[in-house]
Amino acid sequence: MLAASKKTEISITLPDGNSRSYMAGTTGMEIAESIAKSLAKAAIAIELNGKMCDLSLPIHADAKIRLIKREDPEALELIRHDCAHVLAEAVQTLFPGTQVTIGPNIENGFFYDFARNQPFTTEDFVAIEKKMQEIIERGASFEREVWDRNDAIKYFRSKGENYKAEIIEDLPADQTITIYRQGDWLDLCRGPHMPTVKHVGNAFKLMKVAGAYWRGDSSKAMLTRIYGTAWRDQKELDAHLHLLEEAEKRDHRKLGREMGLFHLQEEAQGSVFWHDKGFRIWKVLEGYIRRKQEEFGYIEVKTPQLIHSKFWEASGHWSKYRENMFVVPDVVPNTEEGEKVFKEDPKEFMALKPMNCPGHVQIFKQGIKSYRDLPVRMAEFGCCHRNEAHGALHGLLRVRQMTQDDAHIFCREEQIFDEAKLFLDMFVSTYKDFGFNDVVLKVATRPEARIGSDEVWDKSEKALMDAATAMGYKFEIAAGDGAFYGPKFEFHVKDSIGRSWTCATLQIDFNLPVRLDATYIGEDGQKHHPVMLHRAVYGSFERFLGMLIESYAGKFPLWLAPVQAVIAPITSEAADYAREIHKQMSAMGLRVELDERNEKINYKIREHSVKKVPYIFVVGAREAADKTVAIRELGGENQKVKGLEEALADFKKDASPPF
RNA sequence: GCCGUUGUAGCUCAGUCGGUAGAGCACGUCAUUCGUAAUGACGGGGUCGGGGGUUCGAAUCCCUUCAACGGCACCA
């Protein structure tokens, strides 16, 4: 820095590779002006040696630069972040005494967390947005200042901004403390910002309010978070809002009701009432994954639902997982009207299984296993109950009773790699068949509440990362998100509005077999503990089906569709023929319905189209006479007329599962 | 669990100032036999989420409770 500032001239390299000389201390804005007036007008920030900076920042050394304009992808980040500052100023102007905390960008927008005695409501949005408009209209410049750390803490404390002061106190000692002014208002911020507030523009909208814990810690204060979105122009904003509207139409809860797939009700919150049509999809999913499991060498078992607390004590669930378990007193309840349910405090407890793993270990432990028996791949469509927090429940995606396509692989340590590979093969081929492309792999590492030594955790985490790397999988690390017994792979899929859910998972567990004393006899004749891999491909049938509904927007491919075709006679003249077709198709194991109602064909077509039935077989007098069917595909304009026999053979073929 | 919002017919929603509940779709009956996204007429349907209170009178005001929704925290 010192050496550079002595230099009077510096060389600036532009994106096209050309270099120009400037006086040291020249700013990005001055460079833009020297190139073209229009560029100076359009520039909103500068990328300095790969790092985004303010246009007003003096440059003291040779550098590669790129001027950022509004149409560049980076512009959205700047617009949104500046908009968050404008929001904060507006809120503090309108509601004095409100403390500001943090206000980062998120996907498609930003939020700002405020501390105020009385939370904001969406009704405050009108006034806040109006004030934001005023602030933008006024168009103050963003001015960066470097402050002394202690002065900054003192300043924010004196203003009653305790959260900001706390943030500064926790910053690393060598961190430069910068604040940005916009007119009379200022905020602690590392920047960068656009030249003025005016650059934010008008294409912003406050979206929702929500509570959020300070520092994401539920033992700390609840702040009020205001979410907003901001774009380059009105057209982009409108497009975004339209996208959200469209996404709402794909909501599995809405489609589930409309298509008659399932329902939920108060008395069984978090547990699903599967209707005939929904359960048809379930059965197809179950058949598919059962065939897959057989192909991949799994055995299938069934273990108890209700097991004594002593068992859960041994597995570690009683101490680490009990708050999520449904505990059932092992007592005969009082049947006297108006009396307490239990005469005395129950002493013995059973619990509904929250996981299948300890049960599978019991099966593994029956008899003596040799190293030659490993790996044992033990699968179960296990119905588990978890007492999830009320606020966590969400349609099919987060329930309290779920059926997992669960399996546990008991193997030797040196088999982990092959088993992980085999699982990845199974996962990839399955998700391909369901059309999920955008899956993110995360490696979840040790949580605070855990069992097992750090040495074992080191080994497990490394094993997972090595397996992923060896398989060519890119992954993110989700620190502290592991299960209490081991680290895991989480395969994340996004729902219609972009929330990410874990479906498939693979978890390494060196702990449970030791805890429950599962052993095999090794080549050396000695007892050894196997490693256990917990894994699921769908995750749970509930969540996977919910994700499928959203991903297909209810328009299931033929092999999954709850109703694959409706046979619709045009008039009663063709009714006998329609009945015959329906009978034949049902006998072929196809899921078909007959619509004999005395309604116009238009009406029938509209109704079944709205219900997203993939095919409608329209038959009138003509088809009955010729022994043909007119096949109308969902959303299609044209129909295909085929001979009945050919049509049924083709349909059967098209309707068969991909595996 | 925490913060906010919402709860009226099967669904989507209206209901003003507190005066005893309404529409469209769906459903039922009748008529219509109509060839590719809504045929017409008539009819039935609600303890206004539950409980309590204020009031001559509550869907409407107050308290409480439950659930759903959006987040947070927690997790397949």
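Residues numbered from 1 in each chain as written. Chains lettered and ligands numbered in written order. Predicted model: local features only at pLDDT ≥ 70, side-chain atom pairs only at ≥ 80, totals over all residues. Heavy atoms only, no water.

1. What about the overall build of chain A?
Phase 1: In terms of helices and strands, chain A carries 21 helices and 36 strands.
Phase 2: For chain A, the spread of C-alpha atoms along the three principal axes comes to 90 × 75 × 65 Å.
Phase 3: Sorting the 659 residues of chain A into buried and exposed places 49% on the buried side.
Phase 4: In chain A, 68% of the contacts between residues at least 6 apart in sequence involve partners at least 24 apart.
Phase 5: As displayed, chain A offers around 32,800 Å² of accessible surface, 49% of which is attributable to carbon and sulfur atoms. (Helix = DSSP H or I, 4+ residues; strand = E, 2+ residues; numbered from the N terminus. Buried < 20%, exposed > 50% of the residue type's maximum accessible area, 1.4 Å probe, protein only. Contact = heavy atoms within 4.5 Å. Areas by Shrake-Rupley, 256 points an atom, 1.4 Å probe, with all protein chains shown as cover.)

2. Topic: the packing of aromatic side chains
Phase 1: Following the criterion strictly, the structure yields 32 aromatic pairs and no others.
Phase 2: Note on Phe95 and Phe120: the rings are 5.0 Å apart at their centroids and 70 degrees apart in plane angle, and the pair reads as edge-to-face. Taken as a pair, Phe95 in the loop between α4 (74–94) and β8 (99–100) and Phe120 in the loop between β10 (109–115) and α5 (125–138) lie far apart in primary sequence, 25 residues in all. Neither residue differs from the other here; Phe95 and Phe120 are each classed as buried.
Phase 3: On the numbers, 4.8 Å between centres and 15 degrees between planes, the contact of Trp282 with Phe541 is stacked. Of this pair, Trp282 sits in helix α10 (residues 276–295) while Phe541 sits in helix α17 (residues 541–552), placing them 259 residues apart in sequence.
Phase 4: On the basis of relative accessibility, which here comes to 7%, the residue Trp282 falls in the buried class. (Phe/Tyr/Trp six-rings, centres within 6.5 Å; stacked < 30°, edge-to-face > 60°.)

3. Some words on helix α7 (residues 162–170)
Phase 1: Where α7 is concerned, the buried positions are Tyr163, Lys164, Ala165, Ile167 and Ile168.
Phase 2: Turning to α7, the residues buried within the fold contact β8, β10, α6 (149–158), β12 (177–182), β13 (185–188) and β15 (222–230).

4. Re the packing of α10 against α17
To describe two helices that pack against each other, one gives the angle between their axes and the distance between the axes.
Phase 1: Remark: α10 packs on α17, axes separated minimally by 11 Å, with the N-to-C direction vectors making an angle of 110 degrees. As the angle between them shows, α10 and α17 are arranged roughly perpendicular. Handedness of the crossing formed by α10 with α17: right-handed. Only Phe541, Glu542, Phe544, Leu545 and Leu548 of α17 make contact with α10, whose side of the interface consists of Gly278, Ile281, Trp282, Leu285, Glu286 and Ile289.
Phase 2: For the contact of α10 with α17, the per-class residue count stands at eight nonpolar, one polar and two charged. (Axes fitted to C-alpha atoms, helices over the stretch in contact; angles between N-to-C directions. Parallel < 35°, antiparallel > 145°, perpendicular 65-115°, else oblique. Left-handed = near helix turned anticlockwise from the far one by under 90°. Nonpolar A, V, L, I, M, F, W, Y, C, P; charged D, E, K, R; others polar.)

5. Section: the environment of Glu89
Phase 1: The topology assignment puts Glu89 in helix α4.
Phase 2: By relative accessible area, which is 8% here, Glu89 ends up buried.
Phase 3: The spatial distance from the C-alpha of Glu89 to the C-alpha of Asp184 is 9.4 Å, given a sequence separation of 95 residues.
Phase 4: In contact with Glu89, not counting residues within four places along its chain, are Ile135, Arg138, Gln182 and Trp185.

6. Things to note about the sheet that holds strand β5 (residues 51–53)
Phase 1: Here five strands make up an open sheet; going across it, the order is β2-β1-β7-β4-β5 and the pairing mixed. Both edges of this open sheet fall to β2 (19–23) and β5, since each of them pairs with a single strand only. The average undirected angle you get between the axes of adjacent strands in this sheet is 40 degrees.
Phase 2: With five bridges joining them, strand β1 (residues 9–13) and β2 adopt antiparallel strand pairing. Bridge pairing links Ser11 to Ser21 in β2.
Phase 3: Strands β4 (43–48), β5 and β7 (63–69) of the sheet are contacted by α4, whose axis makes an angle of about 70 degrees with β7. (Pairing = 2+ DSSP bridges.)

7. Here we look at the packing of α4 against α5
Phase 1: Axis separation between α4 and α5 bottoms out at 9 Å; the angle between their running directions is 115 degrees. α5 is crossed by α4, and the crossing has right-handed handedness. Contacts from Cys83, Val86, Leu87, Glu89, Ala90, Val91, Thr93 and Leu94 of α4 reach α5 at Ala127, Ile128, Lys131, Met132, Ile135, Ile136 and Arg138.

8. Remarks on the sheet that holds strand β22 (residues 369–370)
Phase 1: Overall, mixed pairing links the three strands, which are arranged β22-β29-β30 in an open sheet. The strands lining the two open edges of the sheet, one partner per strand, are β22 and β30 (527–528).
Phase 2: Taken together, the two bridges between β22 and strand β29 (residues 520–521) define a ladder with parallel strand orientation. Bridge pairing in β29 places Lys369 opposite Tyr520.

9. Concerning the protein's contact with RNA strand B
Phase 1: Taken together, the neighbourhood of RNA strand B is formed by 58 residues, with His390, Thr502, Asn598, Arg606 and Gln639 sitting nearest.
Phase 2: A distance of 3.1 Å is found between a sugar or linking oxygen of RNA strand B and a side-chain nitrogen or oxygen belonging to Tyr227.
Phase 3: Within the backbone of Arg622, one N or O atom sits 3.1 Å away from a base oxygen of RNA strand B.
Phase 4: Only β14 (204–213), β15, α9 (252–258), β28 (500–509), α19 (601–610), α20 (621–626) and β35 (628–633) provide two or more residues apiece to the surface near RNA strand B.
Phase 5: With seven residues, α19 is the largest single contributor of residues to the surface near RNA strand B. (Near = heavy atom within 4 Å. Polar contact = N/O pair within 3.5 Å; in protein donor to acceptor, adjacent residues only side chain to side chain.)

10. Looking at the domain arrangement of chain A
Quite often, the size of an interface is put as the accessible area lost when its parts meet.
Phase 1: When its domains are assigned, chain A resolves into domain 1 (9–69), domain 2 (75–246), domain 3 (297–305 + 353–551) and domain 4 (565–654).
Phase 2: Taken over C-alpha atoms, the centre of domain 1 sits 68 Å from the centre of domain 4. (Domains from an automatic or database assignment.)

11. Thoughts on the nonpolar core
Phase 1: Leu285, Tyr431, Phe434, Leu548, Phe556 and Leu560 are the most contacted members of the largest nonpolar core, which totals 62 residues.
Phase 2: When neighbours within four sequence positions are excluded, Phe556 is seen to be in contact with Met259, Leu261, Ile281, Leu548, Ile549, Ala561, Pro562 and Pro614.
Phase 3: In terms of nonpolar packing, the next biggest core, distinct from the first, is built from 36 residues, Ala75, Ala84, Tyr112 and Ile135 among them. (Core = buried A, V, L, I, M, F, W, Y, C linked by side-chain atoms within 4.5 Å.)

12. A word on the pairing of β10
Phase 1: Where burial is concerned, most of β10 is hidden: seven out of the seven residues are buried.
Phase 2: Judged by which residues are buried, β10 turns out to be covered on both faces: Gly109, Phe111, Asp113 and Ala115 on one side and Phe110, Tyr112 and Phe114 on the other are all buried.
Phase 3: As paired elements, β8 and β10 share two bridges and run antiparallel to each other. What sits directly across from Gln99, in β10, is Ala115.
Phase 4: Relative to β10, strand β9 (residues 105–106) is paired through two bridges, and the arrangement is antiparallel. Pairing of Asn105 across the sheet is with Phe110, part of β10.

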